[in-house]
Amino acid sequence: MIVVLQDPVRRRLYEYVAAQGREVGRNEAAEAVGVARTLAAHHLDKLAEAGLLESGSRRLTGRSGPGAGRPAKVYTRARAERSVSLPARDYRTAAELLAEAAEQAGLDAELCAAARRRGAALRGSAAPCAGLEEAMEVLAARGYEPYLADAEAAAPVVRMRNCPFHAVAEGFPPLVCGMNLALLEGLLGAEGPVRARMDARPGECCVVVEGQGSKNNSH
């Protein structure tokens, strides 16, 4: 996978498609990274062959029937998780074993406390995040792929397309999602103007971030 993403154009195309959270056509991807459509198509197909993207086809015009045009090839980020390590490492099995032991021993509270301390240590500052914009920068740096949902609403919410703990969370959702929430509480700062809370949605991180004055605080 590392070799596949070494080409700078290919990497930009992957990052663009992954960030959209929806199907992306070749024309859109090419325009977004500033390359010709044929070059974008070549790299997108290589990314699909490598398993980093999934491809399909649909009519981008939104019409059907005669005159609607031919279906166009579209791409989305692959749902399967992939990692590369040389020589091989098996951190996932270790994480699953630790999660299983913690769950059986009823160590949820202890795990969350440790996660909250680790989040605070990762923040590296006594001051909490000053607002949603800073929170999104912090989350992006940790690989959560945040985006602003309902940006025009009175109380916008930051959702995240990626959960860094997805593989383990699938097997131990209450334990790992609780740990994730506690980690983000420590990372963002509990006494600041933003807060993390649970709001699970299929295909996304189980935690969202909102302003402390949000009407959703009652949830």
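This text goes with the structure placed above it.
Residues numbered from 1 in each chain as written. Predicted model: local features only at pLDDT ≥ 70, side-chain atom pairs only at ≥ 80, totals over all residues. Heavy atoms only, no water.

Caption draft 1: Quick peek at the sheet that holds strand S5 (residues 157-160). The four strands lie next to each other as S4-S5-S7-S6, forming an open sheet whose pairing is antiparallel. Edge strands, defined here as strands with exactly one partner in the open sheet, are strand S4 (146-149) and strand S6 (194-198). Neighbour-to-neighbour, the strand axes of the sheet open up by a mean angle of 30°, direction not taken into account. Relative to strand S7 (residues 207-211), S6 runs antiparallel, the two being bridged by five bridges. Bridge assignment links Val194 to a residue of S7, and that residue is Gly211. (Pairing = 2+ DSSP bridges. Helix = DSSP H or I, 4+ residues; strand = E, 2+ residues; numbered from the N terminus. Axes fitted to C-alpha atoms, helices over the stretch in contact; angles between N-to-C directions.)

Caption draft 2: Representation of the side chain of His43 in the model. Along the polypeptide, His43 turns up in helix H3 (residues 37-49). Excluding anything up to four places from it in sequence, His43 contacts Asp7, Val9, Arg10 and Leu13. (Contact = heavy atoms within 4.5 Å.)

Caption draft 3: Summary view of unusual backbone geometry. Even without a glycine there, the phi angle at Glu145 is positive, about 55°. Mapped onto the fold, Glu145 is located in the loop between helix H6 (132-141) and S4. Exposure remark for Glu145: the relative accessible area of 27% places this residue in the partly exposed category. (Buried < 20%, exposed > 50% of the residue type's maximum accessible area, 1.4 Å probe, protein only.)

Caption draft 4: Structural view of the pattern of salt bridges. A full pass over the atoms with the stated rule returns 13 salt bridges. Put simply, Arg77 and Glu145 hold a salt bridge, and the shortest N to O gap is 2.6 Å. Pair noted here: Arg77 is in strand S3 (residues 72-77) and Glu145 is in the loop between H6 and S4, with a separation of 68 residues, a long-range link. Residue classification places Arg77 among the partly exposed residues on the basis of a relative accessible area of 23%. Measuring nitrogen to oxygen at the nearest pair gives 2.9 Å for the salt bridge that ties Glu210 to Arg197. With Glu210 in strand S7 and Arg197 in strand S6, this pair connects stretches of sequence that are 13 residues apart. (Salt bridge = Lys/Arg side-chain N within 4 Å of Asp/Glu carboxyl O.)

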